[in-house]
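Take a look at the letters that make up each chain.
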Amino acid sequence: MSTEHAPDRTLLVTVDSLRYDRFEHMPRTRDFLDRTHDRAFATSTATLGSFPAIIGGEYAAGGGLEREQSVAHEFDAYSAGITTNHLLSAEYGYDAGFDSFVSPKGGGESLKDRGAVMLQRGTLPHRIATWGWNRYQQLQSLVGEIEKSFRPADDVVSSFRREVDDRESWFGWLHFMEPHHPYDPDDAPVGREEAQRVTRTVLAGRGSEADEELVRELYEREIAELDAALDELWEAIPDDTRVVFCADHGELLGEGGLWGHPGEMRPELLHVPFGTKNAPDLGDVVSLIDVPTVLRGAEHGLGTLDREVAFAAYGDRKAAMNAEHIATAEGTRRLTDGESTTDSSLEGDLERFDPEYVVKEEALREDLEDLGYV
């Protein structure tokens, strides 16, 4: 594998819950990137399963990042991270290697120290928890204005620019929650409280067809809103900055009657947007486990610049993907049209892949509450 050293400025931009087939709603970002890669795949359908790969080059083996694996350790330049997801905080090890790190929770105690819970989406406890959260939101709307669910993208961009504007060299990581549910864009055709309510209703499986159409529209508006905010970032950073842009997983918008990002091994969840600028050339297939290697221009963890097969898992469910097909326990399908097919080589790769190292989404209860799961 040919490698090259990273430039003076390197930027990782990650987006929560962005589907590959909705990346078209980000024309500013697509125009900024040198290359977009049509066969990029997540390592899991959940944040805690994807980010040990994105930041550490390893499959998830617990409730967060193994701190010594963080790619931030590999940059001599000043490093700054800003995340907007409670699961990407110090409790989960994501501050490791950064000179400056900001997340929704400053924290410091480890996940193991504080204990964890697991909430399987689609189960009765999950449905009950979602109902309770909706009731809480309704009560909150009676006593004050409903705020946006997560830190807005334009605020993140402005903070990062202030952090690095006077520095000649830096490594940055920005994680954005648009378009993670509940979808509540600023230009929604309904009020923010209603947007959040209808999103949670639909994700709980109780919405009407009109509700579902509205939720799909809200999701796409979140994506367009993010693209507009990122345009300021793309204009501000130097032209020679190495950039990697990717989603941590996709989102289901009613396919098979499912919404959000449960642990299903489906292309809508595993096939993700991926683009680069001033970065090494890559093979036909890209896995999120390759991100640290692309950032550095040198091997990191299990990453490579020349991949033919990518793997994903959620609990005991697993998938293998190549440039043409996705293989799961339910069979092999073509990525282009979802039709059944056979691929003996890929099916063999799937059989040999051990999913024990990619765990279900376990997290602190308060973090799941902040994300609307509890």
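Residues numbered from 1 in each chain as written. Predicted model: local features only at pLDDT ≥ 70, side-chain atom pairs only at ≥ 80, totals over all residues. Heavy atoms only, no water.

**Student:** Which residues make up the overall build of the protein chain, and what values do they have?
**Tutor:** When helices and strands are counted, the protein chain shows 11 helices and 18 strands. Looking at the 374 residues of the protein chain, the share that counts as buried comes to 57%. Long-range pairs, those at least 24 residues apart, make up 71% of the contacts in the protein chain with a sequence separation of at least 6. Carbon and sulfur atoms provide 42% of the accessible area of the protein chain, an area that totals close to 15300 Å². (Helix = DSSP H or I, 4+ residues; strand = E, 2+ residues; numbered from the N terminus. Buried < 20%, exposed > 50% of the residue type's maximum accessible area, 1.4 Å probe, protein only. Contact = heavy atoms within 4.5 Å. Areas by Shrake-Rupley, 256 points an atom, 1.4 Å probe, with all protein chains shown as cover.)

**Student:** A description of the packing of aromatic side chains should follow, citing residues and the corresponding values.
**Tutor:** Across all of its chains, the model carries 14 aromatic pairs by this definition. With a centroid separation of 4.3 Å and an interplanar angle of 10 degrees, the aromatic rings of Phe 32 and Trp 234 are classed as stacked. Here the residue Phe 32 occupies a position in helix 1 (residues 27-32), and Trp 234 occupies one in helix 7 (residues 209-236), the gap between them amounting to 202 residues. Phe 32 sits in the buried class, given a relative accessible area of 14%. Their ring planes at 20 degrees and their centres at 5.8 Å tell us that Phe 98 and Phe 171 sit as a pair that is stacked. Linking Phe 98 in the loop between strand 4 (78-82) and strand 5 (100-102) with Phe 171 in strand 7 (residues 170-176), this pair joins segments that are 73 residues apart in sequence. Sitting above the plane of the Tyr 78 ring, Arg 167 keeps its charged end 3.5 Å from the centroid. Sitting over the ring of Phe 32, Lys 277 keeps its end group 4.9 Å from the ring centre. (Phe/Tyr/Trp six-rings, centres within 6.5 Å; stacked < 30°, edge-to-face > 60°. Lys NZ or Arg CZ within 6 Å of the ring centre and 35° of its normal.)

**Student:** How would you sum up the sheet that holds strand 8 (residues 242-247)? Please name residues and give values.
**Tutor:** With respect to topology, 7 strands assemble into an open sheet ordered 2-11-8-1-7-4-5, the strand pairing being mixed. With one partner strand each, in any of the chains shown, strand 2 (35-36) and strand 5 form the two edges of the open sheet. Sheet topology note: the strand 1 (residues 9-15)/strand 7 ladder contains 7 bridges and is parallel. Its bridge partner lying in strand 7, Arg 9 is registered against Trp 170. Most of the contacts of helix 5 (residues 153-164) go to strand 7, to which it runs at about 170 degrees, and overall it touches strand 1, strand 4, strand 5 and strand 7. (Pairing = 2+ DSSP bridges. Axes fitted to C-alpha atoms, helices over the stretch in contact; angles between N-to-C directions.)

**Student:** With reference to specific residues and values, describe the side chain of Thr 304.
**Tutor:** One can find Thr 304 in the loop between helix 9 (291-296) and strand 13 (310-314). Take Thr 304: its relative accessible area is 18%, and that puts it in the buried class. One polar contact links the side chain of Thr 304 to the main-chain amide nitrogen of Asp 306, over a distance of 3.1 Å. (Polar contact = N/O pair within 3.5 Å; in protein donor to acceptor, adjacent residues only side chain to side chain.)

**Student:** How would you explain the packing of helix 6 (residues 192-203) against helix 7 if you had to name every residue and give the values?
**Tutor:** Where helix 6 meets helix 7, the closest approach of the two axes is 9 Å, and the angle between their N-to-C directions is 115 degrees. Note on packing geometry: the crossing formed by helix 6 with helix 7 is left-handed. Contact with helix 6, carried on its side by Ala 195, Val 198, Thr 199 and Val 202, involves Asp 211, Glu 212, Leu 214, Val 215 and Leu 218 of helix 7 and no other residues of that element. A breakdown of the residues in the contact of helix 6 with helix 7 according to their chemical character gives 6 nonpolar, 1 polar and 2 charged. (Left-handed = near helix turned anticlockwise from the far one by under 90°. Nonpolar A, V, L, I, M, F, W, Y, C, P; charged D, E, K, R; others polar.)

**Student:** Lay out the sheet that holds strand 16 (residues 331-334) with the relevant residues and their values.
**Tutor:** Across a sheet, paired strands are connected by hydrogen bonds in the backbone, their directions being either parallel or antiparallel. Overall, antiparallel pairing links the 5 strands, which are arranged 13-14-15-16-17 in an open sheet. Where the open sheet ends on each side, the last strands, each with one partner, are strand 13 and strand 17 (340-341).

**Student:** Go over the pairing of strand 11 (residues 274-277), please, and point to the residues and values.
**Tutor:** By the alternation rule, side chains of strand 11 split into Phe 274 and Thr 276 and Gly 275 and Lys 277, which are all buried. Examined bridge by bridge, strand 2 and strand 11 share 2 bridges and lie antiparallel to one another. Within strand 11, the position partnered with Thr 36 by the bridge is Gly 275. With 4 bridges joining them, strand 8 and strand 11 adopt antiparallel strand pairing. Each bridged residue has a counterpart across the sheet, and for Val 244 the counterpart in strand 11 is Thr 276.

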